[in-house]
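# What the coordinates show
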There are 2 protein chains.
Amino acid sequence: MSSNVETVRVELGDRSYDILIGEGLLDRAGAEIAARLPGIRAAVVTDETVAGLHLPKLQASLRAAGIDHATVVLPPGETTKSYSHLQTVAEAVIEARLERGDAVIALGGGVVGDLAGFAAGIVRRGMRFVQVPTTLLAQVDSSVGGKTGINSPQGKNLVGVFHQPALVLADTGVLDTLVDREFRAGYAEVAKYGLIDRPDFFEWLEANRTHVFAGGPARIRAIAESCRAKAAVVAADEREEAGARALLNLGHTFGHALEKAVRYDPARLVHGEGVSIGMALAHRFSVREGLCSGQDAGRAEAHLKAAGLPTRISEIPGPQPTVPDLMAAIGQDKKVSRGRLTFILTHGIGQSFVARDVERQAVERFLADELAEG
Amino acid sequence: MSSNVETVRVELGDRSYDILIGEGLLDRAGAEIAARLPGIRAAVVTDETVAGLHLPKLQASLRAAGIDHATVVLPPGETTKSYSHLQTVAEAVIEARLERGDAVIALGGGVVGDLAGFAAGIVRRGMRFVQVPTTLLAQVDSSVGGKTGINSPQGKNLVGVFHQPALVLADTGVLDTLVDREFRAGYAEVAKYGLIDRPDFFEWLEANRTHVFAGGPARIRAIAESCRAKAAVVAADEREEAGARALLNLGHTFGHALEKAVRYDPARLVHGEGVSIGMALAHRFSVREGLCSGQDAGRAEAHLKAAGLPTRISEIPGPQPTVPDLMAAIGQDKKVSRGRLTFILTHGIGQSFVARDVERQAVERFLADELAEG
Ligand SMILES: NC(=O)c1ccc[n+]([C@@H]2O[C@H](COP(=O)([O-])OP(=O)(O)OC[C@H]3O[C@@H](n4cnc5c(N)ncnc54)[C@H](O)[C@@H]3O)[C@@H](O)[C@H]2O)c1
Ligand SMILES: NC(=O)c1ccc[n+]([C@@H]2O[C@H](COP(=O)([O-])OP(=O)(O)OC[C@H]3O[C@@H](n4cnc5c(N)ncnc54)[C@H](O)[C@@H]3O)[C@@H](O)[C@H]2O)c1
Ligand SMILES: [Zn+2]
Ligand SMILES: [Zn+2]
């Protein structure tokens, strides 16, 4: 069937698992799951949009493999990552009489994956979990690494567990139904892996971006390379304790502040767009601090722009965020440890590093200038 | 201060921790916590009853040690182990701006410990957790081993995580305020450790029971020995995967069925009483199956009776449960794996074992005879 399936192994001792990446994997999902987890029953969790587009194929494939399953369809969108939907999913899984060895299968983007993974992590104190990510962001980021969770009224992703999947099935074909803006947003995370510490991958993306957007082997390769990058970091720091995971936050401290400033209004800014602007800001701030050449920062920015992503705060529609708003959000960011400001800065393309004790005022002046320039 | 503090170490690699057992530990709680977790802030979770009796002492001790803390007081009782109280605790912890390295401190019985531990396990995907158990059951059972959770409308303890505490402080003096019935109920779990695989401990309990009830060194020793017993099992099978934890369910399959039959009405039956009757049933069923001598079963029963615990179903006040009720509950018990009946049976005092594939009809006939005898 798919001649072109890449496998990325996430090495985590007895919690190791495979990520399969290829076109048409949805048709093989049942067989791949049954081969690895024989005899299981399952609960498929998805959202209404994805259910309309891709659920029948997954269900047919599960049925063909003899995997008895219940299905839970949730409303789409970030607000679904709530206590009440967590309870809905957990109770549906219990209602289906699934046992610990059975599986919760997440079919959807990061919202569905984070929520269903959390439910799988807490029902019977931890059931098996399979990710079938259907957005580019979910395929290259949220489905890999075991972070699951919901949002608190007080902040995003503040409640959850680390719960590794037993298998990730990334069907690159399902991304064809994704709206362009969501694909672009996910692409910001792909570019991020190059900018963190894979300069060759970044160069390859510069040459192959249009093919990645078009689909086919280049898309599979970009997603596999992204998963390899994330898997390496996760293997080194499974529970975000050693600090190695911090590099994955390139562009995210600024990005989260921007998302917060627009009150997570997706009409104005989606996560990947915030990350894109955030990465451009991290590069420009690094130039200003004398850490990175202007040429490298320009190259990073040019690539994001070419992909149709914003790189300046002024590109966000609506009233501009203010410096105090952004600084307050940066101070509240959960990655801030005991008051010191930690940023991911860079020495150039693919040369990012964790900068602790970044001076608050330097960031403040930088943002003021960025906003003044427009 | 307390000349007589026993320390039991729970060996779990980098998640190892100490259980301190002694009189007056509440006064030293702040110092013990500060010594092990320097610089932390905390959220104390407790219930109204325990708050009235013991919270001021803990708070004073935390203040004296310079541990800044918020306090959450919940209604007492099993219904507090709910999704909504979980959210209340999690949000209070976030509201207090605690970070991952800070601690949730549970001051109370198993209800508070299970709920607060679950909240500690999910806020920021896992914070530090300290148990200050105040019931005998919590000191010898629920505070050791890292099982946390809440009840689902569909069954008890169906939702939760494994989250090990960083420290357990069991002040044996606080048990003096416990109502007699709760102390006796906790004692059923103490006797259980002897009956599982510690015949010498059981013999010691037969000789020292009244001292354990009275307080002082015998109580400390009984609790420490119980913690050692549970710690050994937990170290061998942290996440209840290897089956070694199963022995801890001696008396519990029957006990849970009885609790379910009376709809968890504590006026009729509390957990420890159910376990006591359950252990007596497990011994008598073992006799009937030719596994255990009538003499040993009689010895087990006599000890439980002497401690003021029930050993017959007919001792439960109100309408007697029926065999079909009990069999349905046994079939639903979460320890039942894919339809086979698993019971903990025994070859004699301290010689329990896991019996898989127990014949359903044999259990049914046994219960019918037990109910007929009255
Ligand atoms: N766990 C992690 O490590 C991690 C990492 C990054 C982001 N996240 C989380 O991921 C979430 C964002 O994920 P997302 O961007 O995938 O959002 P999402 O799940 O909301 O998906 C975006 C939209 O696309 C729709 N959609 C999904 N697949 C589709 C398809 N194939 N065709 C058409 N429409 C489709 C969805 O219905 C939704 O409306 C956030 O909640 C974020 O916190 C988690
Ligand atoms: N996590 C585990 O491994 C584990 C093991 C066994 C039981 N449990 C759970 O433990 C719970 C039962 O625990 P419990 O029996 O401690 O119940 P509990 O926490 O409800 O306490 C019983 C009663 O005693 C009161 N109390 C507590 N300490 C007191 C004191 N020192 N003086 C006076 N009153 C006091 C409480 O307010 C409550 O009303 C159940 O929910 C059960 O599922 C968990
Ligand atoms: Zn991101
Ligand atoms: Zn018990």
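Residues numbered from 1 in each chain as written. Chains lettered and ligands numbered in written order. Predicted model: local features only at pLDDT ≥ 70, side-chain atom pairs only at ≥ 80, totals over all residues. Heavy atoms only, no water.

So, on to the pairing of strand E2 (residues 17-22) of chain B. Put simply, side chains in a regular strand alternate between the two faces of the sheet. All names here are of chain B. The buried fraction of E2 is high, at six of six residues. Sheet topology places strand E1 (residues 5-10) next to E2; six bridges connect them, and they run antiparallel. Opposite Val-8, over in E2, you have Ile-19 as the bridge partner. Linking E1 to E2, which pair antiparallel, is a turn of six residues; within it Gly-13 sits at a positive phi near 60°. For E2 and strand E9 (residues 167-171), the ladder comprises five bridges, and the chain directions are parallel. If you follow Leu-20 over to E9, its bridge partner there is Leu-169. (Buried < 20%, exposed > 50% of the residue type's maximum accessible area, 1.4 Å probe, protein only. Helix = DSSP H or I, 4+ residues; strand = E, 2+ residues; numbered from the N terminus. Pairing = 2+ DSSP bridges.)

Turning our eyes to something else, we now look at the sheet that holds strand E4 (residues 69-74) of chain B. All names here are of chain B. Here seven strands make up an open sheet; going across it, the order is E1-E2-E9-E6-E5-E3-E4 and the pairing mixed. The open sheet has two edge strands with one neighbour each: E1 and E4. Averaged over all pairs of adjacent strands, the angle between their axes in this sheet comes to 15°, without regard to strand direction. With respect to the sheet, helix H1 (residues 25-36) is in contact with E1, E2, strand E5 (103-108), strand E6 (128-133) and E9, its orientation differing from that of E9 by roughly 165°. Sheet contacts for helix H2 (residues 48-64): strand E3 (42-47), E4 and E5; angle to E3, the most-contacted strand, approximately 155°. (Axes fitted to C-alpha atoms, helices over the stretch in contact; angles between N-to-C directions. Contact = heavy atoms within 4.5 Å.)

This part is about the site of ligand 1. Residue and element names in this part refer to chain A. Contacts to ligand 1 come from 25 residues, most closely from Asp-47, Lys-81, Thr-134, Thr-135 and Thr-177. Between Lys-81 and ligand 1, the recorded distance is 2.7 Å, taken from a side-chain N or O atom to an oxygen atom. One of the side-chain nitrogen or oxygen atoms of Asp-114 is found 2.9 Å away from a nitrogen atom of ligand 1. Notes on ligand 1: free accessible area 860 Å², of which the protein chains cover 87%. Of all the secondary structure elements, the ones that give two or more residues to the shell around ligand 1 are helix H2 (48-64), helix H4 (110-122), helix H5 (136-142) and strand E8 (155-159). (Near = heavy atom within 4 Å. Polar contact = N/O pair within 3.5 Å; in protein donor to acceptor, adjacent residues only side chain to side chain. Areas by Shrake-Rupley, 256 points an atom, 1.4 Å probe, with all protein chains shown as cover.)

What follows deals with the coordination of the zinc ion (ligand 3). Residues and elements named next belong to chain A. Bound to the zinc ion (ligand 3) on the protein side are Glu-189 (OE), His-252 (NE2) and His-271 (NE2), at distances that span 2.0 to 2.1 Å. Glu-189 gets classed as buried once you look at its relative accessible area, which sits at 0%. Given the relative accessible area of 22%, His-271 is considered partly exposed. (Donors = N, O, S within 2.8 Å, 3.2 Å for Na, K, Ca; no water.)

What follows concerns the UniProt feature "binding site: Zn(2+)" (unreviewed entry) in chain A. Residues and elements named next belong to chain A. Look at the UniProt record and you will see "binding site: Zn(2+)" (unreviewed entry) annotated at Glu-189, His-252 and His-271. In terms of the greatest pairwise C-alpha distance, the residues named above, spread along 83 residues, form a tight cluster of at most 10.2 Å across. What Glu-189 contacts, discounting residues up to four positions off in sequence, is Leu-137, Val-140, Asp-141, His-252, His-271 and Val-275. Here the side chain of Glu-189 touches Lys-192 through a polar contact of 3.0 Å, side chain to side chain. The topology assignment puts His-252 in helix H9 (residues 252-261). We classify His-252 as buried; its relative accessible area is 6%. Residues contacting His-252, with those up to four places away along its chain left out, are Glu-189, Lys-192, His-271 and Val-275. (UniProt positions renumbered as here; feature names shortened; annotations may be inferred.)

Another point: the nonpolar core. Formed by 71 residues in total, the largest nonpolar core has its most connected members in Ile-19, Ile-21, Ile-33, Ile-105 and Tyr-187 of chain A. For this core, the leading source of residues is helix H8 (residues 217-236) of chain A, giving ten residues. Beyond its immediate chain neighbours, meaning those up to four positions away, Ile-19 of chain A contacts Glu-6, Thr-7, Val-8, Val-10, Val-144, Val-168 and Cys-227 of chain A. Within the second largest apolar cluster, 70 residues are counted, among which are Leu-25, Val-44, Val-130 and Leu-167 of chain B. (Core = buried A, V, L, I, M, F, W, Y, C linked by side-chain atoms within 4.5 Å.)

Take the packing of aromatic side chains next. A full pass over the atoms with the stated rule returns 14 aromatic pairs over all chains. Seen in terms of ring centroids, Phe-201 of chain A and Trp-204 of chain A are 6.2 Å apart; in terms of plane orientation they differ by 15°. Their pairing is stacked. You can see Phe-201 of chain A and its partner Trp-204 of chain A sitting in helix H7 (residues 199-214), three residues apart, about one turn around the helix. Judged on exposure class, the residue Phe-201 of chain A and its partner Trp-204 of chain A are both buried. With centroids separated by 6.1 Å and ring planes inclined at 50°, the aromatic side chains of Phe-254 of chain B and Phe-366 of chain B adopt a geometry described as tilted. With Phe-254 of chain B in helix H9 (residues 252-261) and Phe-366 of chain B in helix H13 (residues 360-373), the pair connects residues that are 112 residues apart, well separated along the chain. For the pair Phe-254 of chain B and Phe-366 of chain B, one class covers both residues: buried. (Phe/Tyr/Trp six-rings, centres within 6.5 Å; stacked < 30°, edge-to-face > 60°.)

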